[in-house]
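# Descriptive analysis of the structure
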Amino acid sequence: DYGAFIHLRFPDGLYHLTGLVHVSEVSWDLIQDIRDILNEGDEVRVKVIKIDREKSRITLSIKQLEEDPLLETLEKVIPQGLEPYLKSFYKKMV
């Protein structure tokens, strides 16, 4: 499975577009089967992370609406004052 197709509902209450949440964008945890997390008909909040007009594709993320748990762990073990440097370094790696 590549992920889940999400019908995007707009303020008028209608569904105008459909996007894909890749399995890697569902959770910060490793997901073996997306059906363990999402079921047909579930309402979820998503972040639009890419729009490809040429291919008419919208890429979505659920996990990017949450703080990366790795950064939270780093903040607990790294001395005070280095957090901004490490966050910047980590974002460049990803």
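Residues numbered from 1 in each chain as written. Predicted model: local features only at pLDDT ≥ 70, side-chain atom pairs only at ≥ 80, totals over all residues. Heavy atoms only, no water.

As annotated in an unreviewed UniProt entry, the protein chain carries the name S1 motif domain-containing protein and is attributed to Citrus sinensis.

### A look at the confidence of the model for the protein chain
Convention followed: Across the chain, each position has a pLDDT score giving the predictor's confidence in that residue, from 0 to 100. Helix and strand labels come from DSSP, where a helix needs a run of H or I of at least four residues and a strand needs a run of E of at least two; each type is numbered from the N terminus.
Of all residues in the protein chain, 74% have pLDDT values of 70 or greater, and the mean over the chain is 83. By mean pLDDT, the top-scoring element of the protein chain is strand β4 (residues 57-61) (96), and the lowest-scoring one is helix α2 (residues 83-93) (61).

### Description of the pattern of salt bridges
Side-chain pairing between opposite charges can occur once the charged atoms of the two side chains come close. Keep this limit in mind: For this document, the term salt bridge refers to a Lys or Arg side-chain nitrogen within 4 Å of an Asp or Glu carboxyl oxygen. Only protein chains enter the area calculation, which uses a 1.4 Å probe; residues under 20% of their type maximum are buried, those over 50% are exposed, and those in between are partly exposed.
Counted under the stated rule, the structure contains two salt bridges. Arginine 9 serves as the salt-bridge partner of glutamate 43, at 3.3 Å between the closest nitrogen and oxygen. Separated by 34 residues along the polypeptide, glutamate 43 in the loop between β2 (15-22) and β3 (47-52) and arginine 9 in strand β1 (residues 3-9) bring together distant segments of the chain. Given a relative accessible area of 64%, glutamate 43 falls into the exposed group. A relative accessible area of 46% places arginine 9 in the partly exposed class. Note that arginine 35 and aspartate 33 form a salt bridge whose closest N and O atoms lie 3.1 Å from each other. According to the relative accessible area criterion, aspartate 33 is partly exposed, its value standing at 23%.

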